Amino acid sequence: MENVLCKIEGYLAEVIINRPKALNALNSQTLKELGMVIDEIKEKDDVKVVIITGSGEKSFVAGADIKEMQNLNAMEGRKLARIAQRVFSEIEHMPQVVIAAVNGYALGGGCELASACDIRLVSKNAKFGQPEVTLGITPGFAGTQRLPRLVARGIAKELIFTGNMIDAEEAYRIGLANKVYDLDNLMEEAKKWLKRLRV
Ligand code: DAK
């Protein structure tokens, strides 16, 4: 696989979205690969915790791939949204505990991917947002459904209607982030949750 890496060590599976040149934006190929990796991990009874993160030090996932999306017609856009919705729904329903280790931008589809995870551990440089409205579209990967279940409805509406980005501290304050760590320690701290969780 090109765009999604998967390492399994003991009880832990680490899934890395790996398109750093595009800030790990989710194109259709990446979504398909993510779906395949998730399908494989969910069958592994010995894996108890899954950590999803982004490659590099700047971005978790900067959204759906805008360059790919701008060439899609309505039906193709709908198909892309359905693929992402299916993959994110599988993540949400995995038998394992799924942690998003948010190491930078989590925008649009990236915020929606993090929202589909059970727990969000974030680095100090993390930035969350649903900027779709600034592109003239609405969140297509179920952000309108999951975000209001994680934070107060009014706050979710504010983020979706304004497209504003919030930083890690604000994400923690509104309950979107469970914990904030230094970027350098994020993965190490995320791995410690394997012992912390009663799985
Ligand atoms: N897609 C594609 N490429 C992206 C990208 C993205 N979302 N984000 C960044 N990149 C690329 C940039 O184009 C640039 O590539 P090159 O020009 O070097 O080739 C590279 O990553 C580095 O980005 P920047 O040079 O812009 O880096 P900066 O540090 O200056 O800025 C940034 C970082 C995250 C603030 C900026 O890149 C940015 O604003 N990116 C876009 C963020 C965004 O708007 N994300 C939300 C995407 S919309 C639906 C289906 C799907 C969706 C909605 C509806 N339906 C069917 C209804 C999904 C929507 C979204 O997720």
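Quick caveat: nothing in here was measured; it's all calculated off a predicted structure.

Undergrad: Can you lay out the sheet that holds strand β9 (residues 165-167) for me, pointing to particular residues and giving the numbers?
TA: Read from one edge of the open sheet, four strands run β4-β6-β8-β9, paired in mixed fashion. Strands at the two margins of the open sheet, each flanked by one partner only, are β4 (59-61) and β9. Strand-to-strand twist across the sheet, computed as the mean angle between neighbouring axes with direction ignored, equals 20°. Pairing between strand β6 (residues 105-107) and strand β8 (residues 127-129): three bridges, direction parallel. Counted as the bridge partner of Y105 is K127 from β8. Contacts from helix α4 (residues 109-116) reach β4, β6 and β8 within the one sheet, and its direction differs from that of β4 by about 80°.

Undergrad: Go over the site of the ligand with me, naming the residues and quoting the values.
TA: Taken together, 25 residues sit near the ligand, with K58, A62, A64, I66 and G109 positioned nearest. A distance of 2.7 Å separates an oxygen atom of the ligand from a polar atom in the side chain of K58. The separation between an oxygen atom of the ligand and a polar side-chain atom of K67 is 3.0 Å. Surface burial for the ligand is 65%, taken as the share of its 1,100 Å² of free accessible area covered by protein chains. The cavity where the ligand resides is the largest pocket. The set of elements that each furnish at least two residues to the shell around the ligand consists of α2 (66-69), α3 (74-92) and β6. Top element by residues in the shell around the ligand is α2. It accounts for three residues. When the residues that make up the shell around the ligand are grouped by side-chain class, the tally is 14 nonpolar, six polar and five charged.

Undergrad: So what's going on with a nonpolar patch on the surface? Residues and values would help.
TA: Side chains of I66, L135 and I137 sit close together on the surface and give an oily, nonpolar patch of about 260 Å² of accessible area. Relative to the elements of secondary structure, I66 occurs in helix α2. Residue classification places I66 among the partly exposed positions, given a relative accessible area of 44%.

Undergrad: An account of the pairing of strand β2 (residues 12-17) is requested, with residue identities and associated values reported.
TA: Burial analysis of β2 places six of its six residues in the buried class, which makes it a mostly covered element. Bridge count between strand β1 (residues 4-9) and β2: six bridges; the pairing is antiparallel. Counterpart to E9 in the pairing with β2 is L12. In this antiparallel pair of consecutive strands, β1 and β2, the connection spans two residues, and G10 shows a positive phi of 60°. Where β2 meets strand β3 (residues 49-54), six bridges bridge the pair, whose relative direction is parallel. Note on β3: the bridge partner recorded for E14 is I51. Between the parallel elements β2 and β3, the chain passes through helix α1 (residues 28-42) in a crossover that is right-handed.

What counts, and at which threshold
- Residues numbered from 1 in each chain as written.
- Predicted model: local features only at pLDDT ≥ 70, side-chain atom pairs only at ≥ 80, totals over all residues.
- Heavy atoms only, no water.
- Pairing = 2+ DSSP bridges.
- Helix = DSSP H or I, 4+ residues; strand = E, 2+ residues; numbered from the N terminus.
- Axes fitted to C-alpha atoms, helices over the stretch in contact; angles between N-to-C directions.
- Contact = heavy atoms within 4.5 Å.
- Near = heavy atom within 4 Å.
- Polar contact = N/O pair within 3.5 Å; in protein donor to acceptor, adjacent residues only side chain to side chain.
- Areas by Shrake-Rupley, 256 points an atom, 1.4 Å probe, with all protein chains shown as cover.
- 1 Å grid on protein atoms, 1.4 Å probe; cavity = no way out; pocket = protein on both sides within 12 Å on 5 of 7 lines; lining within 4 Å.
- Sits in = over half its atoms within 2 Å of the grid points.
- Nonpolar A, V, L, I, M, F, W, Y, C, P; charged D, E, K, R; others polar.
- Patch = residues over 30% accessible without salt bridge, like charges linked within 9 Å, V, L, I, M, F, W, Y side chains within 5 Å.
- Salt bridge = Lys/Arg side-chain N within 4 Å of Asp/Glu carboxyl O.
- Buried < 20%, exposed > 50% of the residue type's maximum accessible area, 1.4 Å probe, protein only.
- Right-handed = clockwise from strand over helix to strand, strands pointing away.

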